[in-house]
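Observations on the model geometry
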Amino acid sequence: MATDVPEGRGNPGGAEPAHRHQPPAPHCWPLLRECLSHQQANLDMAAHHPGLLMLLLLVLATLAFLPPAAAQSLPTALRAGHAATSLSAAAAAPHTRYLLYDVNPPEGFNLRRDVYIRIASLMKTLLKSENWVLVLPPWGRLYHWQSPDILQVRIPWSEFFDLPSLNKNIPVIEYEQFLAESGGPFIEQIYVLQGYEEGWKEGTWEEKIDERPCIDQLMYSKDKHQGWFWGYEETRGLNVSCLSVQGSASVVAPILLKNTSAQSVMLDRAENLLHDHYGGKDYWNTRRSMVFAKHLRVAGDEFRNKYLQSTDEADRTHYNEDWTQMKVKTGTALGGPYLGVHLRRKDFIWGHREDVPSLHGAAKKIHSLLKTHKLEKVFIATDAVEDEIELLKKLVPEMVRFEPTWEELELYKDGGMAVIDQWICAHARYFIGTSVSTFSFRIHEEREILGFDPKTTYNRFCGEKEKNCEQPTHWKIVY
Ligand SMILES: Nc1nc2c(ncn2[C@@H]2O[C@H](COP(=O)(O)OP(=O)(O)OP(=O)(O)O)[C@@H](O)[C@H]2O)c(=O)[nH]1
Ligand SMILES: *[C@@H]1O[C@H](CO)[C@@H](O)[C@H](O)[C@H]1NC(C)=O
Ligand SMILES: *[C@@H]1O[C@H](CO)[C@@H](O)[C@H](O)[C@H]1NC(C)=O
């Protein structure tokens, strides 16, 4: 994916539009293993919620024997029995409608986190008039998640984020719960979002949305209603059409409220929507609600304690489990006695980008920062390949990394590893990241939430040949 280079990101609007049109590298999973683990996941869930077991078995058994036409009448048939399986207050409410979404396959974990924020503001608009629940798109088949031998598909959000915290912002449920309570693996209406064939005429920006013929070849088969539903092969989309859209997330609201009465609606290619208001109060409320899963924070905290002499008491980085109560005055966080570094490599260097340093350049900057800030340790988060890491170790002998054992990797997965790296960088006394990496941007936000002085956060490496090395924008929290 040598051409998989982000362009035009970190733009002034800060909207982080996605610009990667490369198709994803096909990730193939041995069928049997995938299938087994899927059933395991269902049964694990059922074990925790005994009431679900019967329903799940019923759904699985029924689907196995029904022809597609009969399967389509299942939703209503099963809905009658769903009251007993209700797992959340939101789900129990009458006339609940479900919003689902997905993102262009090549997009990474951290851009997807940004798209969640855009969808959350659409949810807030919908909730003003109707009862909607957001169904969290399972994680998986991400281009960057390449650790071999671990199954990384159908991963629920709770593996990376704290669901009760998300729920304090907007009502959300996992996909498995949607399956259990909505009456089966059916999404009634799918809208594939796209731009306008003719582009937009200069000088006249207007928000608009129209049903149009699909521009790209559909990723769904129209007759059989199959597509990529996060690895849930039995899921069917009952109707697929394309919407050309130009505007912020809430531009879709009237369509959902007035043009369709489908109970479940999925917006695919949701990255085509822009932020309603980037950096505003709603934006930050949603961002603050995206609290990392506790087990990942604990893993990061233990590592800080053990290898970086860093604790919340000493570093003044106390974290309130209830994000609505977390309001730290800027500049009060001190951070642990180490330099935090995010060095994005791989596709960022393949394109020979001018704004990304060589390893020698990065090492030089690291040493100068250690000196300036009188620090002895540097924590480095990076996606660098093994050869580069070896070189980096020679150039920066004092470097510390979170190197998982195979068991830890299997437990946390590539996404959890990214979260732990981000969490540790977020607690450093001083942080420096990589130009226009959404991975670095998410660290900026985390440090903003923790109450760090912006001078210690909004820093990035410069390329050796870069003439004008502009530093990242400070986005101040709005409470
Ligand atoms: N553990 C770990 N993983 C990383 C690091 N940098 C990049 N990655 C991996 O590479 C992926 C790509 O970065 P992301 O930022 O998520 O992807 P993206 O949305 O395409 O963002 P960009 O960085 O802007 O490309 C991450 O999701 C991680 O899986 C790092 O420092 N540590
Ligand atoms: C939605 O309905 C309105 C009113 O009937 C119509 O004018 C508009 O074209 C519809 N929009 C879409 C995207 O279907
Ligand atoms: C599918 O959805 C489109 C857009 O809402 C609608 O115009 C069309 O009638 C639907 N088709 C069926 C078979 O329901």
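Conventions we followed
Residues numbered from 1 in each chain as written. Chains lettered and ligands numbered in written order. Predicted model: local features only at pLDDT ≥ 70, side-chain atom pairs only at ≥ 80, totals over all residues. Heavy atoms only, no water. Near = heavy atom within 4 Å. Polar contact = N/O pair within 3.5 Å; in protein donor to acceptor, adjacent residues only side chain to side chain. Areas by Shrake-Rupley, 256 points an atom, 1.4 Å probe, with all protein chains shown as cover. Nonpolar A, V, L, I, M, F, W, Y, C, P; charged D, E, K, R; others polar. Axes fitted to C-alpha atoms, helices over the stretch in contact; angles between N-to-C directions. Helix = DSSP H or I, 4+ residues; strand = E, 2+ residues; numbered from the N terminus. Parallel < 35°, antiparallel > 145°, perpendicular 65-115°, else oblique. Left-handed = near helix turned anticlockwise from the far one by under 90°. Contact = heavy atoms within 4.5 Å. Buried < 20%, exposed > 50% of the residue type's maximum accessible area, 1.4 Å probe, protein only. Pairing = 2+ DSSP bridges.

Taken together, Gln189, Tyr191, Glu211, Asn239 and Ser241 make up the full set of residues near ligand 3. In the environment of ligand 3, an oxygen atom lies 3.3 Å from a nitrogen or oxygen atom belonging to the side chain of Gln189. Asn239 places a polar side-chain atom, nitrogen or oxygen, 2.3 Å from an oxygen atom of ligand 3. Out of a free accessible area of 360 Å², ligand 3 has 38% covered by protein chains. Residues of the shell around ligand 3, tallied by class, amount to one nonpolar, three polar and one charged.

Let's shift gears to the packing of helix α11 (residues 294-308) against helix α16 (residues 406-426). Closest axis-to-axis distance for the α11/α16 pair is 9 Å, and the angle between their directions is 50°. Our classification of the angle between α11 and α16 gives oblique. Regarding α11 and α16, the two cross each other, and that crossing is right-handed. Mapping the contact onto sequence places His295, Leu296, Arg297, Ala299, Gly300, Asp301, Phe303, Arg304 and Leu308 in α11 and Tyr412, Gly416, Val419, Ile420, Trp423 and Ile424 in α16.

Turning next to the site of ligand 1. Lining the immediate environment of ligand 1, one finds 21 residues, of which Asn110, Arg344, Thr382, Asp421 and Thr438 sit closest. Between ligand 1 and Ala381, the relevant distance is 3.3 Å, taken from an oxygen atom to a main-chain nitrogen or oxygen of the residue. One of the side-chain nitrogen or oxygen atoms of Ser437 is found 2.9 Å away from an oxygen atom of ligand 1. Put simply, the parts of the chain that give the shell around ligand 1 at least two residues each are α6 (109-127), β11 (377-382), α16 and α17 (438-450). Considered class by class, the residues forming the shell around ligand 1 number nine nonpolar, seven polar and five charged.

The subject of this paragraph is unusual backbone geometry. Most peptide bonds take the trans configuration, and most residues that are not glycine carry a negative phi. The backbone of Lys374 shows a phi angle near 50°, a positive value even though the residue is not glycine. One non-glycine residue, Val436, lies in the positive phi region at around 40°. Turning to its location among the elements, Val436 is positioned in the loop between β13 (428-432) and α17.

Burial analysis of strand β8 (residues 240-246) places seven of its seven residues in the buried class, the great majority of the element. Of the two faces of β8, the one carrying Val240, Cys242, Ser244 and Gln246 and the one carrying Ser241, Leu243 and Val245 are both buried. As defined by bridge partners, strand β5 (residues 189-194) adjoins β8 across five bridges and the pair is classed as parallel. Pairing of Ile190 across the sheet is with Val240, part of β8.

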